[in-house]
Amino acid sequence: MSKLFIAGEVFHGAGSLEELKNIKGQKAVIVTGGSSMKKSGTLDRAISFLAEAGVEVSVFEGVEEDPSSTTCLKGAAEIQAFKPDWIIGLGGCSAIDAAKIMWVFYEYPDIDFDSIIKPFTVPVLRNKAKFIAIPSTSGTGTETTGLAVITDREKGVKYPVVSYELTPDIAIVDGEICASMPAHVTANTGLDVLTHCVEAYVSNIENNYADALSKGGLALVFDNLSEVVLHPDNITARQNMHDASFMAGLAFNNAWLGIVHSLSHQVGALYGIPHGASNAIFLPNVIRYNAQETTRYPDLAKIVGEETAEGLAQAIERLRSEVNNKASIKDFGISKELWEKNLDFIAQNALVDPCTGFNPRVPSLEELKAIFNACFEGVVFLEEVVNA
């Protein structure tokens, strides 16, 4: 028997932010990032809708990209003082992921970050508050996942905190909120959606629901990503990408991910490379690597007009180019010397990353290093290089 894990309630479609008018409660903390939600008017609209519901609101602003455990502890302290019965993550995935961990620390003030980084060790939540996720980017699908990615700056490690306790009670998937998203953010987050679709479909967990959602999400990405990069005010295309993000998040929340994410977590934590951008660099070569073990890639290839795993890899490379994303890690200005200095460290961290356990092919340390090196240079991964 399997269980489908999904946000408790899902409101989707342009204008669905207004659903906040119907929230039942006394107090809510809105956790958000920099200034984008304020500049677009979304934050003020959210506060206004909650006021109509009779909910008192406090705002925690300033969650950084790739949120840190330090920020989560700071936010939790402010939430503890306010004592809300709702916590709302509003903005990009960083704001929502940080809000999830603040929620844990609010409910369990004496817990420490290291005690929850092992998968499925977050204690039972909802004793003090419930959670609403309102994404402004079409990327991680965090609005329906039991996942929050948090960076320990001192260690230079990015941790995916995994627990179904973190799955939001309410998700609001409103494409209008994304209209102000810059082109490069639209591209990066959209390529993250693409990666979720592919990795969930080929994971070592069989799940018919995840399969259907992965295929549907993949089709939406290929049909809409270039359009929203070129024409950001196309709300229909925006909503399509927002729906694809949710679908992909729901898929991997039930089938999980693979080594594309294991690799990306490392270069994001150590070098600050945007997650979706690094995913799009690693994904084609991971497809080539995994194709030696799984026969599932041709199913996805057919959706984009190809027939083989290699055809799928090349279609992804073309889409990556169409939305003006980099094709190698070294294109981010990382020197060969620095790369080689840290290669063993990031490969070892990738090997023990929780996502590695769900990859269809079990990798060795040397194989991960070979994939890392191919993607650093922006060349095709070749099996024979591993043992050279």
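Structure's up top.
All residue numbers refer to positions counted from 1 along the written sequence of the respective chain. Side-chain atom pairs in this predicted model are given and counted only at pLDDT of 80 or more, local residue features only at pLDDT of at least 70, and totals for whole chains, interfaces and linings cover all residues. Working from all heavy atoms in the structure, the side-chain values ignore hydrogens and water.

S.K.: Quick question: what am I supposed to make of the pattern of salt bridges here?
M.R.: Pairs can form between side chains of opposite charge once their charged atoms are near each other. For this document, the term salt bridge refers to a Lys or Arg side-chain nitrogen within 4 Å of an Asp or Glu carboxyl oxygen. Under the criterion given, the structure shown has 19 salt bridges. For the salt bridge of Arg153 with Glu64, the shortest nitrogen-to-oxygen distance reads 3.4 Å. Remark: Glu64 occurs in the loop between β3 (56–60) and α3 (69–82) and Arg153 occurs in the loop between β6 (147–152) and β7 (157–162); sequence separation between them is 89 residues. We classify Arg153 as partly exposed; its relative accessible area is 44%. A simple rule labels every residue: compare its accessible area, found with a 1.4 Å probe on the protein chains alone, to the largest value its type can have, and call it buried under 20%, exposed over 50%, or partly exposed in between. The partly exposed category is assigned to Glu64, whose relative accessible area is 23%. For Arg296, the salt bridge goes to Asp211, with nearest N and O atoms at 3.1 Å. On the criterion of sequence distance, the pair formed by Arg296 in the loop between α9 (275–290) and α10 (297–303) and Asp211 in helix α6 (residues 208–230) is long-range, its members being 85 residues apart. Helix and strand assignments come from DSSP, with helices taken as H or I runs of at least 4 residues and strands as E runs of at least 2, each series counted from the N terminus.

S.K.: Explanation requested: the side chain of Asp169 in the structure shown.
M.R.: By secondary structure assignment, the location of Asp169 is in the loop between β7 and β8 (170–173). According to the relative accessible area criterion, Asp169 is buried, its value standing at 16%. Each polar contact in these results corresponds to two N or O atoms within 3.5 Å; when the atoms are within protein, one needs to be able to donate a hydrogen and the other to accept it, and residues that are neighboring in sequence are counted only if both atoms are side-chain atoms. Within the local environment of Asp169, its side chain forms a polar contact with the backbone nitrogen of Phe131, the two atoms lying 2.8 Å apart. For this analysis, residues touch if any pair of their heavy atoms sits within 4.5 Å. The residues touching Asp169, leaving out its near neighbours within four places in the chain, are Ala7, Gly8, Glu9, Trp86, Trp103, Arg126, Lys130 and Phe131.

S.K.: Is there a simple way to explain the packing of helix α8 (residues 259–271) against helix α13 (residues 365–377) in this structure?
M.R.: Helix-helix packing: each pair is described by the crossing angle between the helix axes and the interaxial distance. Only the stretch in contact is used when a helix axis is fitted, and all axes are lines through C-alpha atoms; the angle between N-to-C directions ranges over 0 to 180 degrees. Contact geometry of α8 with α13 gives a least axis separation of 12 Å together with a crossing angle of 65°. Accordingly, the angle class assigned to the pair α8 and α13 is roughly perpendicular. In the packing of α8 onto α13, the handedness of the crossing is right-handed. On α13, the residues that touch Ile259, Leu263, Gln266 and Val267 of α8 are Leu368, Ile371 and Phe372. We call Asp, Glu, Lys and Arg charged. Ala, Val, Leu, Ile, Met, Phe, Trp, Tyr, Cys and Pro are nonpolar, and the rest, Gly among them, are polar. Class assignment of the residues belonging to the contact of α8 with α13 gives a composition of 6 nonpolar, 1 polar and no charged. Here roughly perpendicular refers to angles of 65 to 115 degrees, roughly parallel to angles under 35, roughly antiparallel to angles over 145, and oblique to all remaining angles. A clockwise turn of the near helix away from the far one marks a right-handed crossing, whereas an anticlockwise turn of less than a right angle marks a left-handed crossing.

S.K.: How do you make sense of the sheet that holds strand β1 (residues 9–12) when you look at a structure like this?
M.R.: Each pair of strands is called paired provided DSSP finds at least two bridges between the two strands. Across the sheet, which stays open at both edges, the 6 strands sit in the order β1-β8-β5-β4-β2-β3 with parallel pairing between neighbours. Two strands lie at the open edges of the sheet, namely β1 and β3, each paired on one side alone. When the angles between neighbouring strand axes are averaged without regard to direction, this sheet yields 15°. Looking at chain direction, strand β4 (residues 86–91) and strand β5 (residues 130–135) are connected through 6 bridges and run parallel. When the bridges of β5 are listed, Ile87 appears paired with Phe131. Strand contacts of helix α7 (residues 235–255): β1, β5 and β8, with the helix running at about 150° to β8, the strand carrying the most contacts.

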